[in-house]
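Coordinate inspection notes
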Amino acid sequence: MSSQRAKEQDMPTYHIEMMEGRTVEQKKKLVEEITRVSVEILGGSPESVDILITDVKRENWATGGKLWLERTS
């Protein structure tokens, strides 16, 4: 296995969970910046950074025993 291939295999996969409502443009900027910083710090190539975004409905997320759907602020 070449050292470039080994570097690419060592690159991270990010799993991002956030409440739905962000635009495609916001997500695009987010993944561009996460990829840029990952390559800057870890090396490798942008093509080897994977990012999975999961949009979660407010009714499926709770903090402090309260659904976000029920929060007023």
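Our subject is the structure that appears above.
Report on the accompanying structure. Each chain carries its own residue numbering, running from 1 in the written order of its sequence. Where local features are concerned, this predicted model is filtered to residues with pLDDT of at least 70; where side-chain atom pairs are given and counted, the filter is 80 or more; whole-chain, interface and lining totals use all residues. Only hydrogens and water are removed before side-chain values are computed, so all heavy atoms of the structure are retained for them.

**Observations regarding the overall build of the protein chain**
When its secondary structure is counted, the protein chain shows two helices and four strands. Listed N to C, the secondary structure of the protein chain is α-β-α-β-β-β in terms of helices and strands. Summary of the burial criterion: residues with accessible area below 20% of their type's maximum are buried, those above 50% are exposed, and those between are partly exposed, where the area comes from a 1.4 Å probe applied to protein chains only. Burial analysis of the protein chain (73 residues in total) assigns 18% to the buried set. Residue contacts follow a heavy-atom distance rule, with two residues in contact if any of their heavy atoms lie within 4.5 Å. In the protein chain, the proportion of contacts linking residues at least 24 apart, taken out of those at least 6 apart, comes to 64%. Each accessible area is a Shrake-Rupley estimate made with a 1.4 Å probe; only the visible protein chains count as cover when residues are assessed. When the accessible area of the protein chain is evaluated, it comes to approximately 5,700 Å², of which 50% is carbon and sulfur surface. Only DSSP runs of H or I covering at least 4 residues are called helices, and only runs of E covering at least 2 are called strands; the numbering of each starts at the N terminus.

**Here's the deal with the pattern of salt bridges**
For this document, the term salt bridge refers to a Lys or Arg side-chain nitrogen within 4 Å of an Asp or Glu carboxyl oxygen. Across all of its chains, the model carries three salt bridges by this definition. For Arg36, the salt bridge identified is with Glu33, shortest N-O distance 2.8 Å. You can see Arg36 and its partner Glu33 sitting in helix α2 (residues 24-42), three residues apart, about one turn around the helix. For Arg36, a relative accessible area of 42% translates into the label partly exposed. The salt bridge partner of Arg36 is Glu40, with a shortest N-O separation of 3.1 Å. Note that Arg36 and Glu40 are positioned in helix α2 at a spacing of four residues, about one turn of the helix. One network of salt bridges, with partners in common, ties together Glu33, Arg36 and Glu40.

**Section: the packing of aromatic side chains**
Only centres within 6.5 Å qualify two rings of Phe, Tyr or Trp (six-membered ring in Trp) as a pair; their planes then separate them into stacked at under 30 degrees, edge-to-face at over 60, and tilted for everything else. Under the counting rule described, the total for this entry stands at zero aromatic pairs. The ring of Trp68 carries Arg71 above its face, with NZ or CZ at 4.4 Å from the centroid. Charge-over-ring contacts are defined here by two conditions on Lys NZ or Arg CZ: a distance within 6 Å of the ring centre and an angle within 35 degrees of the ring normal.

**With respect to the pairing of strand β2 (residues 50-56)**
Two strands pair if DSSP finds at least two bridges between them. Both strand β1 (residues 13-19) and β2 contribute to a ladder of seven bridges, which runs parallel. Residue pairing across strands places Glu17 opposite Thr54, the latter belonging to β2. When the strands point away from the viewer, a crossover counts as right-handed if the path from the first strand over the helix to the second runs clockwise. Handedness of the β-α-β unit built from β1, α2 and β2 comes out right-handed.

**Comments concerning a nonpolar patch on the surface**
A grouping of Val37, Ile41 and Leu42 is seen on the molecular surface, where their side chains present a nonpolar patch of about 280 Å² in accessible area. In this structure, Leu42 sits in helix α2. A patch consists of residues whose relative accessible area exceeds 30% and which take part in no salt bridge; residues with like charges are grouped when within 9 Å of each other, and nonpolar side chains (Val, Leu, Ile, Met, Phe, Trp, Tyr) when within 5 Å.

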